[in-house]
Amino acid sequence: MLTLDHVGKTYPNGVRALDGITLDVKPGEIVAIVGGSGCGKSTLLRAISGLDTPSQGRILIDGEPVTQPHEKIGMIFQEPRLLPWLTVAENVAFGMEHLPRRQRAARAAAALARVGLSEKANAWPRELSGGQAQRVAIARALVPQPEVLLLDEPFSALDAFTRADLQDHLLDLWADLRPILILVTHDVDEAVVLADRIMVMRPQPGRIYEEITSELPRPRDRQSAAFDFVKRRVLAALDRSLAKPATVDDTQTTSSQGAALWW
Amino acid sequence: MSLVQMTATAEPATADKKQRKSGLGRYTRPALGLLLPLALAAGWEAVVHFHLASGRLVPPPSVIYATFAELAATGELQRNALATLARVAAGFGLGVVAGTFLGALTGYSGFMFRLLDPTLQALRAIPSIAWIPLFILWLGIFETSKVVLIAVGVFFPVYLGVTGAVASVDRKIVEVGRLFRLSGVGMVRRILLPAVLPSYVIALRSGLGLGWMFVVAAEFMGASEGLGFLLVDGQQLGKPAQIVAAIVAFAVIGKLTDWLIVLITAPFLRWEDRVRTDTVED
Ligand SMILES: Nc1ncnc2c1ncn2[C@@H]1O[C@H](COP(=O)(O)OP(=O)(O)OP(=O)(O)O)[C@@H](O)[C@H]1O
Ligand SMILES: [Mg+2]
């Protein structure tokens, strides 16, 4: 169980990136966070990860406060962030230094097989394609079996086919241990395919503006009418979140353009 | 030139390059660099051989070789080369330890950087040879002052390389270490060290280069043995062949020690994503 209790973040330069974020996430739940650029999505994820500390409020995992990176919380970034001096297998094994060598190698091999990259075990990260590198990053994050996995626009640098492929793959991996997934994305389709709950954020200060629950059965059919219905709801919510900014907006953000321009 | 023309001319050029690469092969390609010096040496040998020049001040390769062989046979060469090597080794060791320590400190801590770097940069602005008289006054004319001078020469490139490399370690990679909750030691060993290693090797190599430069200056200030002594001795006794032989010895040993650094560190740098892989062993 992950709990955010009135989390706020003010950067030293005075930017109020987050304000009063309260959220409970049940084990196994997949939450997507969408919202315009600069509304604090990355800030929120970094606070949950323990890389940054919130200025107000508390973050709890199973009742334990998170003040620094926590063993139950893993994170995947927009870039794979593999360590270039380690082979693919060593990268996957990076978080298991405490285990005996044999066991470490076995678990890394299993994780690599799970993401379909066994034959790349001894390759250097520079020899991977973008999609393969991100798969290795996913394997590395999942190998310590976190209870919460945070993903900050994990597939946004990939082409549409690879992205759809990795979304399915991620769900597949998620089904093994069913950790909480918190996913920041700019892709509404991605949010609807993956998430049980979609939080729409709004900037200055970053707040949760609307929450849309989606009970579409899995696996989800991207072509179905129900899918389209949820997607429209999310787009409409995004539209509203941008149409009425908290501060006076001097641009002509009309509500019909909003959905198209929300990123 | 129009774009069409440019692409038209560019294409055969790249195709040509590819062909030549595979044609010359891995053994003949390094040999290409030997062509010019060998041609010059042979040319000068011929000029002296046919009495077009006396070769008294610029001895031909055969005379240099004979001198070299003679120095080697008497053990002079080895004794002097060892003396120089020992000085460089001691100075290099000292310079590297100090440069690495202070570089890591200032690279890691912004406070230390602001505290120490201005002073070190001011010292760096002094041409290091200018220290010689002071070092002699302080440390005497024997080994200590020589080793310290070499250490000063080695220190600055190493310090600059390390402080720059440590300070510019990618924050994103450091965050990966933090996410996996590495301890301070773990962070240094598993993230910082490997990340700075490529620049560190470059810093060590330029440090060593300066070490070899400064050992000559150190031996000029009065030495009874060493390759620098052979230089001075050759000048005073009018033996240009001995001077050139000593220079050749410097070149060979300098290159060998540099190559040693490359050789030792190469296994740790195989991961590097290089534009050109053929510059590694040059
Ligand atoms: N390190 C920082 N120091 C100061 N201000 C920051 C810092 N990081 C982010 N901000 C500010 O905080 C706000 C939220 O930034 P954040 O990166 O969380 O947005 P985001 O929702 O992730 O945007 P995007 O969708 O473009 O990634 C922005 O106004 C940004 O300028
Ligand atoms: Mg972001």
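Rules used throughout
Residues numbered from 1 in each chain as written. Chains lettered and ligands numbered in written order. Predicted model: local features only at pLDDT ≥ 70, side-chain atom pairs only at ≥ 80, totals over all residues. Heavy atoms only, no water. Pairing = 2+ DSSP bridges. Helix = DSSP H or I, 4+ residues; strand = E, 2+ residues; numbered from the N terminus. Axes fitted to C-alpha atoms, helices over the stretch in contact; angles between N-to-C directions. Contact = heavy atoms within 4.5 Å. Buried < 20%, exposed > 50% of the residue type's maximum accessible area, 1.4 Å probe, protein only. Near = heavy atom within 4 Å. Polar contact = N/O pair within 3.5 Å; in protein donor to acceptor, adjacent residues only side chain to side chain. Areas by Shrake-Rupley, 256 points an atom, 1.4 Å probe, with all protein chains shown as cover. Nonpolar A, V, L, I, M, F, W, Y, C, P; charged D, E, K, R; others polar. Buried area = accessible area lost by both parts, 1.4 Å probe. Salt bridge = Lys/Arg side-chain N within 4 Å of Asp/Glu carboxyl O. Parallel < 35°, antiparallel > 145°, perpendicular 65-115°, else oblique. Left-handed = near helix turned anticlockwise from the far one by under 90°. Phe/Tyr/Trp six-rings, centres within 6.5 Å; stacked < 30°, edge-to-face > 60°.

1. Side note on the sheet that holds strand β5 (residues 64-65) of chain A
Residue and element names in this part refer to chain A.
Step number 1: Here 4 strands make up an open sheet; going across it, the order is β2-β1-β4-β5 and the pairing antiparallel. Each edge of the open sheet carries a strand with a single partner, namely β2 (16-25) and β5.
Step number 2: In this structure, strand β1 (residues 2-10) lies alongside β2, joined through 6 bridges in antiparallel fashion. Bridge pairing in β2 links V7 to I21.

2. Let's talk about the sheet that holds strand β10 (residues 207-213) of chain A
Residues and elements named next belong to chain A.
Step number 1: Spatially, β6-β7-β8-β3-β9-β10 is the arrangement adopted by the 6 strands of the open sheet, whose pairing is mixed. Two strands lie at the open edges of the sheet, namely β6 (73-76) and β10, each paired on one side alone. Each strand of the sheet is rotated relative to its neighbour by a mean of 20°, with strand direction disregarded.
Step number 2: Two strands pair when backbone bridges link them, and strand β3 (residues 30-35) and strand β8 (residues 180-184) are joined in this way by 4 bridges, in the parallel orientation. Looking at the pairing, I33 lines up with V184 of β8.
Step number 3: Docked against the sheet, helix α1 (residues 41-49) engages β3, β6, β7 (148-152), β8 and β9 (197-202), running at close to 150° with respect to β7.

3. Some words on α1(A)
Residue and element names in this part refer to chain A.
Step number 1: Where burial is concerned, most of α1 is hidden: 8 out of the 9 residues are buried.
Step number 2: Turning to α1, its buried residues number three or more, namely K41, T43, L44, L45, R46, A47, I48 and S49.
Step number 3: G50, located one to two residues past α1, shows a positive phi value of around 90°.

4. Here we look at the site of ligand 1
Residues and elements named next belong to chain A.
Step number 1: As a structural note, the neighbourhood of ligand 1 is formed by 13 residues, with S37, G38, K41, S42 and T43 the closest of them.
Step number 2: Contacts to ligand 1 include N13, whose side-chain N or O atom sits 3.4 Å from a nitrogen atom.
Step number 3: Measuring from an oxygen atom of ligand 1, one finds a side-chain N or O atom of S42 at 2.7 Å.
Step number 4: Computed on the free molecule, ligand 1 has an accessible area of 630 Å², of which 63% lies beneath the protein chains in the complex.
Step number 5: Counting residues per element, the shell around ligand 1 draws most heavily on α1, which supplies 3 residues.
Step number 6: Among the residues making up the shell around ligand 1, the classes are represented as 4 nonpolar, 7 polar and 2 charged.

5. Overview of the interface of chain A and chain B
Step number 1: Contact residues are listed per partner, giving 22 residues for chain A and 20 residues for chain B.
Step number 2: Summing both partners gives a buried area of about 2,100 Å² for chain A against chain B, and 64% of it is carried by carbon and sulfur.
Step number 3: Three residues, W85(A), F94(A) and R126(A), lead the burial of chain A against chain B; their summed loss comes to 33% of the area buried on that side.
Step number 4: Applying the counting criterion to the chain A and chain B interface returns 5 salt bridges.
Step number 5: Where R190(B) meets E97(A), a salt bridge forms, and the shortest distance between an N and an O atom there is 3.7 Å.
Step number 6: Summed over the shared surface of chain A and chain B, the result is 10 residue pairs in polar contact (both at pLDDT 80 or more).

6. Digging into the pairing of β10(A)
Here is the key point about a regular strand: its side chains alternate between the two faces of the sheet.
All names here are of chain A.
Step number 1: As judged from the 6 bridges shared by β9 and β10, these two strands associate in the antiparallel manner. Bridge pairing in β10 places R197 opposite T213.
Step number 2: Taking the residues between adjacent antiparallel strands as the criterion, β9 and β10 are bridged by 4 residues, where Q204 takes a positive phi near 50°.

7. Quick look at the environment of F156(B)
Residues and elements named next belong to chain B.
Step number 1: The residue F156 is located in helix α7 (residues 143-167) in this model.
Step number 2: Residue F156 is classed as buried on the basis of its relative accessible area, which comes to 11%.
Step number 3: Each C-alpha atom, one on F156 and one on L256, is 22 Å from the other, the two residues being 100 residues apart in sequence.
Step number 4: Setting aside its immediate chain neighbours within four residues, F156 contacts L120, L123 and R124.

8. A few points about the packing of helix α10 (residues 227-236) of chain B against helix α11 (residues 240-265) of chain B
Residues and elements named next belong to chain B.
Step number 1: Axis separation between α10 and α11 bottoms out at 8 Å; the angle between their running directions is 160°. For the element pair α10 / α11, the angle class is roughly antiparallel. As for the relative orientation of α10 and α11, their crossing is left-handed in sense. Across the interface between the two elements, L227, G228, L230, L231, D233, G234 and Q235 from α10 touch Q242, I243, A246, I247, A249, F250 and I253 from α11.

9. So, the packing of aromatic side chains
Step number 1: The final tally for this structure, using the stated rule, is 7 aromatic pairs over all chains.
Step number 2: With centroids separated by 5.6 Å and ring planes inclined at 75°, the aromatic side chains of F94(A) and F180(B) adopt a geometry described as edge-to-face. With F94(A) in the loop between α2 (88-92) and α3 (101-114) and F180(B) in the loop between α8 (171-179) and α9 (184-220), the pair connects residues from two separate chains. Here F94(A) and F180(B) have matching classes, each one buried.
Step number 3: On the basis of an interplanar angle of 10° and a centroid distance of 5.8 Å, the ring pair of W131(B) and F135(B) is categorised as stacked.

Just distances and angles here, no functional claims.
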